[in-house]
Amino acid sequence: MAKIAILDRKCTGCGLCASKCPFGAIDMKDGRPELNAACKVCGVCVKACPEKAILKLETKVDSVDKSLWKDILVFAEVSGGRLHPVCLELIGKARELAKNVRFQVKAVLVGSGVKEHAEELRHYGVSEVAVYDDPALSYFRADAFAACVEDYIRFARPSVVLVGATSLGRSLAPRLSTRFHTGLTADCTRLEMRENTDLVQIRPAFGGNIMAQIITTNTRPQFATVRYKVMNAPERSPEASGEILLRKLPGGVAQSRASCVSVTPIPPKKSISDAEILVVGGRGLQKESDLDMIRELARLLGGDWATTRPLVEKGWNTNDRQIGLSGRTVRPRLIITCGVSGAIQFTACMNGSDHIVAINTDRNAPIFDVAHTAVVGDLYEIVPALIRQLKEARA
Ligand SMILES: Cc1cc2nc3c(=O)[nH]c(=O)nc-3n(C[C@H](O)[C@H](O)[C@H](O)COP(=O)(O)OP(=O)(O)OC[C@H]3O[C@@H](n4cnc5c(N)ncnc54)[C@H](O)[C@@H]3O)c2cc1C
């Protein structure tokens, strides 16, 4: 943190600093400059003062000894009785990052009856799986789960903790980062590791217009959440490796202030993030009923359908079928976009797809920058023609 200091004994009260300040942050009172709340510590006044009566002071920030924090920890979420696939994707990324700095990759499992998942995780190249298994953890209570993961972090001192950006992960990660007074970057789309073990956490910012690189320079661990389908999951190895560490529950977990009154299971719903083939409608569609041909093409291809955000805003679709920063991230084998311009907030969440086919009348549409197959033309001619051909081929 920096701040501006004015040395009374040197100041002549000339007022040059106040006239040069671009933020109007210096008031002249009784012939003396005084800083107000608008000061951004830009330093223009420091340069403007002919008497060198204004100083920019940098306060020293305490930094942890980074060498005491090693390895990468992945929170292995169990949802609906199975390992959430995002944790395998995180292990894959963690292994890549760990190589650069000779770290190991560890996982932590929390829940009731989760030991069997520890055995499965050993097939993905982790060196240790810590397990907190107890009936008191049979459903997610943020304080109890956070206490368990905190206990393991204090024991293992990982440099980086990766958590899936699921509903559970989004509740857990901030609770943990505040317990360690350290940084958390949500919804990272890329992660890189510097030689000094600083994790470069990259994510869209300012409405997706820039990719921000965020670094936790002075504290450890470095917490990051990553959405499902953003990273690649590693292959399952036939050989198991690494140790399973059964940990005792930290004190107080059973006396959590939250308790479960009843559980109403939500019927499992297909997510567009799991689709192998997706057909997507954009604002190039003129009316709601035109979505029928998008759904029909998806059905004939054995896939699912989705839209861009403007169609959700019009009430033609629900948010769980919206692709993009404020919707879902998808990574199908094939995606066909129809009348989609390719705004960054959309493409950032589908550009990892194996094959992208884009149909758009505008040959300069940005969607063509990410498309593998560009179809310049009217979706009202191309989509019905595709449907016809698929039906003929079936007949
Ligand atoms: C913070 C923030 C978050 C956002 N999150 C999301 C998000 O999650 N998802 C999302 O989608 N957007 C999001 N947006 C909005 C985003 O910026 C774009 O406005 C949006 O993606 C545009 O949708 P579109 O491509 O359907 O529409 P448009 O940009 O209007 O594009 C329509 C395209 O259709 C083409 N077209 C028109 N007629 C035809 C035809 N007959 N045949 C073929 N092509 C045709 C046009 O040439 C045009 O390129 C977000 C914006 C902000 C600021």
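Residues numbered from 1 in each chain as written. Predicted model: local features only at pLDDT ≥ 70, side-chain atom pairs only at ≥ 80, totals over all residues.

Enquirer: Quick question: what am I supposed to make of the overall build of the chain here?
Expert: Helix and strand counts for the chain stand at 11 helices and 21 strands. Here the C-alpha atoms of the chain give a radius of gyration of 27 Å, more than 25% beyond the 21 Å that 2.2 N^0.38 yields for 395 residues. Relative to its 395 residues, the chain shows a buried fraction of 38%. If you take every contact in the chain between residues at least 6 apart in sequence, the share linking residues at least 24 apart comes to 64%. (Helix = DSSP H or I, 4+ residues; strand = E, 2+ residues; numbered from the N terminus. Rg over C-alpha atoms; globule rule 2.2 N^0.38 Å. Buried ≥ 20, exposed ≤ 12 C-beta atoms within 10 Å, placed from the backbone. Contact = placed C-beta atoms within 7 Å.)

Enquirer: How should helix H6 (residues 167–179) be read in this particular structure?
Expert: An α-helical turn contains 3.6 residues, so any two residues separated by three or four positions project in the same direction. When we look at burial in H6, the residues that qualify are Gly-169, Leu-172, Ala-173, Leu-176 and Ser-177. All buried residues of H6 project into a common sector of 125° when viewed along the axis, lining one side. Residues Ser-167 and Thr-178 are exposed on H6 and point more than 90 degrees away from its buried face. Buried residues in H6 make contact with strand E5 (72–76), helix H5 (142–156), strand E10 (160–164), strand E11 (184–188) and strand E15 (222–226). At the C-terminal side of H6, His-181 shows a positive phi close to 50°. (Arc of directions from axis to C-beta.)

Enquirer: How should I be thinking about the sheet that holds strand E19 (residues 334–338) in this particular structure?
Expert: The strands that make up a sheet pair up through hydrogen bonds in the backbone, lying either parallel or antiparallel. The strand order across the open sheet built from 5 strands is E18-E17-E19-E20-E21, with neighbouring strands paired in parallel fashion. The open sheet has two free edges, formed respectively by strand E18 (304–307) and strand E21 (373–376), since each of these has just one partner strand. The sheet shows a mean angle of 15° between the axes of neighbouring strands, taken without regard to direction. Of the strands in this sheet, strand E17 (277–281), E18 and E19 are in contact with helix H7 (residues 291–300), which crosses E17 at around 170°. (Pairing = 2+ DSSP bridges. Axes fitted to C-alpha atoms, helices over the stretch in contact; angles between N-to-C directions.)

Enquirer: How should the packing of H7 against helix H11 (residues 379–394) be read in this particular structure?
Expert: Two quantities define a packed helix pair, namely the angle between the axes and the distance from one axis to the other. One way to put it is that H7 packs onto H11 with a least axis distance of 10 Å and a crossing angle of 35°. In the crossing of H7 with H11, the sense of the turn from one axis to the other is left-handed. Here H7 contributes Met-293, Glu-296, Leu-297 and Leu-300 to the contact with H11, which in turn contributes Val-383, Pro-384, Leu-386, Ile-387, Leu-390 and Lys-391. The class makeup of the residues in the contact of H7 with H11 is 8 nonpolar, no polar and 2 charged. (Left-handed = near helix turned anticlockwise from the far one by under 90°. Nonpolar A, V, L, I, M, F, W, Y, C, P; charged D, E, K, R; others polar.)

Enquirer: Just to check I follow, could you spell out the nonpolar core for this structure?
Expert: Soluble globular proteins tend to pack their nonpolar side chains together in the buried interior. Ile-72, Val-74, Ile-91, Val-108, Val-149 and Leu-162 are the most contacted members of the largest nonpolar core, which has 57 residues in total. Once residues lying within four places of it in the same chain are set aside, the contact partners of Val-74 are Cys-87, Leu-90, Ile-91, Ala-94, Val-105, Ala-107 and Leu-162. Judged by nonpolar contacts, the second largest core, of 31 residues, contains Leu-278, Ala-306, Ala-348 and Ile-356. (Core = buried A, V, L, I, M, F, W, Y, C linked by C-beta atoms within 7 Å.)

Enquirer: Quick question: what am I supposed to make of the domain arrangement of the chain here?
Expert: Where interface size is given, it is often the accessible area lost as the parts come together that is meant. Taken domain by domain, the chain consists of domain 1 (2–58), domain 2 (66–246) and domain 3 (272–394). Centre-to-centre separation of domain 1 and domain 2, based on C-alpha positions: 46 Å. (Domains from an automatic or database assignment.)

Enquirer: Teacher, can you tell me more about the environment of Gly-164 here?
Expert: Examined against the element boundaries, Gly-164 turns out to sit in strand E10. Remark: the alpha-carbon pair of Gly-164 and Val-74, spanning 90 residues in sequence, is separated by 8.6 Å. Setting aside chain neighbours within four positions, we find Gly-164 in contact with Glu-77, His-84, Val-86, Cys-87, Leu-90, Gly-169, Thr-225, Val-226 and Tyr-228.

Enquirer: Could you clarify how one ought to interpret the pairing of E17 in this entry?
Expert: Consecutive side chains along a regular strand alternate between the two faces of the sheet. Most of E17 is tucked away: 4 of the 5 residues are buried. Here E17 pairs with E19 via 5 bridges, running parallel. Of the residues in E19, the one forming a bridge with Leu-278 is Ile-335. Direction of pairing for E17 relative to E18: parallel, over a ladder of 4 bridges. In the sheet register, Leu-278 faces E18, and the bridge partner there is Asp-304.

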